[in-house]
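Spelled out, the chains give:
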Amino acid sequence: MITLGVDVGTTHTKVLALDVEAGRTLALTSAATPVVRDAAGEAHRPAQVLETVLELTASVVGQLPAGSQPRALCVASVGEEVVLIDATGAPIGDAITWYDPRGLDEAAAFMAGPGGDLPLSRRWPPDATFSIFKLLWLREHAAEQLAAASTWTDLGDFVLRGLGGELVMDWSHASRAGGFDLAARTWDPATVEAIDIRPAFPRLVPGMTPIGRLSRTVAAAIGLPSEVTLVTGGHDHLCAAFGAGLRSTRELFLSAGTSEAHLSLLADPLEGEAAAHVDQGCYVDERTWYA
């Protein structure tokens, strides 16, 4: 079986075709992930990211041997970034990059105020780069965009939506969003209420969940039949770890890209003092957590 994998990374977006049974890459191509830089900071323009994915996917499909038929397409991406979505499914505005400082002041104010006393915050202290703090920045500095949005999601799941899939967020990206209960694998109602924003939090699904098929328009544009199944991926570090074979709590994975992470799997998430010193979340296998 041939599958297509998309990785929307910080500096580059990659697309590959994989022969799953043989474990062999059939085609691979990449391009710079488009970034918008202005006085406010750095952001990704979601429509441009989607267009880059479409161009790269069409290139990969064109390199496949005659008669090759990809069966599925999956997307990994950077985390923390917020794509606002309107009622028609179109993106609104730009997605602040995960490393941009916008949202850090809002994180400090939230944790010094209503957020600090939330049970979820005490169990798993949120990172200041999490999506909810970018949403709070948008509320203060781009209120018209937030008001026009009906929901939001991460960059990778937005790409899947643009290809024809349902609008969702996978658990591993939700783990980098804030307001996500790691044990229950749901949004925490108290945190969502404290954030107090209009756009609805997206429906959550595990990684590797089929969420639809290529739209006919997209399929025709990239040279594929619309029968290709779209599958949720996850945060790029975690997808890389899974692809490299990380399956055991006895193993350690070093993910060294534009950013670097050391990953270890957990049978259960850490809580209390131990949780204050590591980032944690749901892995992409539906069973374990990562630190």
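Look a little higher up for the structure.
Residues numbered from 1 in each chain as written. Predicted model: local features only at pLDDT ≥ 70, side-chain atom pairs only at ≥ 80, totals over all residues. Heavy atoms only, no water.

A. Region of the structure containing the overall build of the protein chain. For the protein chain, the count of helices and strands is 10 helices and 20 strands. At 19 Å, the protein chain has a C-alpha radius of gyration in line with the 19 Å of a compact globule built from 291 residues. Once the C-alpha set of the protein chain is aligned to its principal axes, its extents read approximately 60 × 45 × 30 Å. Counting over 291 residues, the protein chain shows a buried share of 52%. Pairs at least 24 residues apart make up 64% of the contacts formed inside the protein chain by residues separated by at least 6 positions. Accessible surface for the protein chain amounts to roughly 12500 Å². Of this, 53% is attributable to carbon and sulfur atoms. Computed over 20 positive and 36 negative side-chain charges, the separation of the two mean positions in the protein chain equals 6 Å. (Helix = DSSP H or I, 4+ residues; strand = E, 2+ residues; numbered from the N terminus. Rg over C-alpha atoms; globule rule 2.2 N^0.38 Å. Buried < 20%, exposed > 50% of the residue type's maximum accessible area, 1.4 Å probe, protein only. Contact = heavy atoms within 4.5 Å. Areas by Shrake-Rupley, 256 points an atom, 1.4 Å probe, with all protein chains shown as cover. Lys, Arg positive; Asp, Glu negative; His and termini not counted. Charge placed at Lys NZ, Arg CZ, Asp CG, Glu CD.)

B. View of the pairing of strand β17 (residues 252-256). Only one face of β17 is buried, namely the one carrying Phe253 and Ser255, since none of Leu252, Leu254 and Ala256 on the opposite face is buried. In this structure, β17 lies alongside strand β18 (residues 260-266), joined through 5 bridges in antiparallel fashion. Each bridged residue has a counterpart across the sheet, and for Ser255 the counterpart in β18 is Ala261. Between the antiparallel neighbours β17 and β18 lie 3 residues. (Pairing = 2+ DSSP bridges.)

C. Examining the side chain of Thr3 more closely. Within the secondary structure, Thr3 sits in strand β1 (residues 2-8). Discounting chain neighbours no more than four positions away, the residues touching Thr3 are Leu16, Ala17, Leu18, Val20 and Ala72.

D. Focus on the environment of Leu270. Tracing the backbone through its elements, the reader meets Leu270 in the loop between β18 and β19 (281-282). Measuring from C-alpha to C-alpha, the distance between Leu270 and Arg45 comes to 36 Å, with 225 residues separating the pair along the chain. The contact partners of Leu270, leaving out residues within four places of it in the chain, are Arg123, Trp124, Ala275, Val278 and Gln280.

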